Amino acid sequence: MVSHPVKVTLKILQVGDPVLRRKARPLAPDEIRSTALQQLIHLMRDTMRDAPGVGLAAPQIGLPLQLAVLEDREDLLSAMDQKVLADHERQPVPFTVIINPVITLEEPTVEFFEGCLSLSGFSALVPRARRVRVECLNQDAEPVIVEATGWHARILQHEIDHLHGTVYIDRMLSRSFTSLDNLTRHWKNKPAADVRQLLEV
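Thresholds, definitions, all that
Starting from 1, residues in each chain are numbered consecutively following that chain's sequence as written. Note on the predicted model: pLDDT of at least 70 is required for a residue's local features to be given, and 80 or more for side-chain atom pairs to be given and counted; whole-chain, interface and lining totals, by contrast, use all residues. Processing note: side-chain calculations cover all non-hydrogen atoms of the structure and skip hydrogens and water entirely. Helix and strand assignments follow DSSP, with helices taken as H or I runs no shorter than four residues and strands as E runs no shorter than two, numbered in order from the N terminus. When accessible area is computed with a 1.4 Å probe and restricted to protein chains, residues below 20% of their type maximum are described as buried, those above 50% as exposed, and intermediate ones as partly exposed. Strands are treated as partners if at least two bridges between them are detected by DSSP. Each Phe, Tyr or Trp ring, with Trp reduced to its six-membered ring, pairs with another whose centre is within 6.5 Å; inter-plane angles below 30 degrees give stacked pairs, above 60 give edge-to-face pairs, and intermediate values give tilted ones. Here, a salt bridge means any side-chain nitrogen of Lys or Arg that lies within 4 Å of a carboxyl oxygen of Asp or Glu.

Enquirer: For unusual backbone geometry, give the residues involved together with the corresponding values.
Expert: Omega for the bond connecting Ala51 with Pro52 falls within 30 degrees of zero, at -15°, which places this linkage in the cis form. With an omega of 0°, the peptide bond running from Glu107 to Pro108 counts as cis. Relative to the helices and strands, Pro108 is located in strand β3 (residues 93-114). In this structure, Asn189 takes a positive phi of about 70° despite not being glycine. Looking at the element boundaries, Asn189 is found in the loop between α6 (180-187) and α7 (192-199). On the basis of relative accessible area, Asn189 is assigned to the exposed category, the value being 52%.

Enquirer: Would you mind going over the pairing of strand β4 (residues 122-137) in detail, with residue names and values included?
Expert: With twelve bridges connecting them, β3 and β4 associate as antiparallel partners. Across the sheet, Phe112 pairs through a bridge with Val126, a residue of β4. Bridge count for β4 against strand β6 (residues 178-179) is two bridges, and the pairing is antiparallel. Within the sheet, the bridge partner assigned to Ser123 lies in β6 and is Thr178.

Enquirer: Please provide a residue-by-residue account of the packing of aromatic side chains, values included.
Expert: In the structure shown here, the tally under the stated rule is two aromatic pairs. Between Phe112 and Trp151, the ring centres sit 6.0 Å apart and the planes meet at 65°, which makes this aromatic pair edge-to-face. Linking Phe112 in strand β3 with Trp151 in helix α5 (residues 150-162), this pair joins segments that are 39 residues apart in sequence. Look at Phe122 and Phe177: their rings are 5.1 Å apart centre to centre, the planes differ by 10°, and that puts the pair in the stacked class.

Enquirer: Could you give me a rundown of the pattern of salt bridges, with the residues and numbers involved?
Expert: Going through the model one piece at a time under the given rule, you end up with 17 salt bridges. Here Arg25 ties to Glu31 by a salt bridge, and the two come within 2.7 Å at their closest N and O atoms. When its relative accessible area of 40% is taken as the criterion, Arg25 is described as partly exposed. Residue classification places Glu31 among the partly exposed positions, given a relative accessible area of 28%.

In structure tokens:
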């Protein structure tokens, strides 16, 4: 008989939980290299993949720490419309850990529908910088710089917002807020400019 390891995932908190509105604290290098923190990173990775999502910040699992993981897997993108991927400037992003990030936003901003694992079932148009530069520590407590454009830049902004108690509804164009069912029914793949016009945003 072959035994299989049990996969453990963490509970993702939903908007309204106070920890999602607190500014997370930075992590010291010794904390980052600790066994407990390394185990947490693995659990966050598995939880993000199981959701499935493209990013997960520690406050979303109840921990006010300046830690987030992200990954945009090629196997998920392969099933998506190639024109939509091109419009969103969306390409695979390898598994990445960002700790104590400092982000620099670059013009211009672009608008796309965005969702969140902590606000399940909904989406909205959110303006984000098209390009960013992030200075942070990786999972080995080494300083790294991440420069990103397009959807990668959007994921970074979304996750770093979580580390400051901000969620996408704070930045969204409120008239575009929609259930995922209605997003699919009415707005999917429509250019943001067309959505703005139809909603009189």
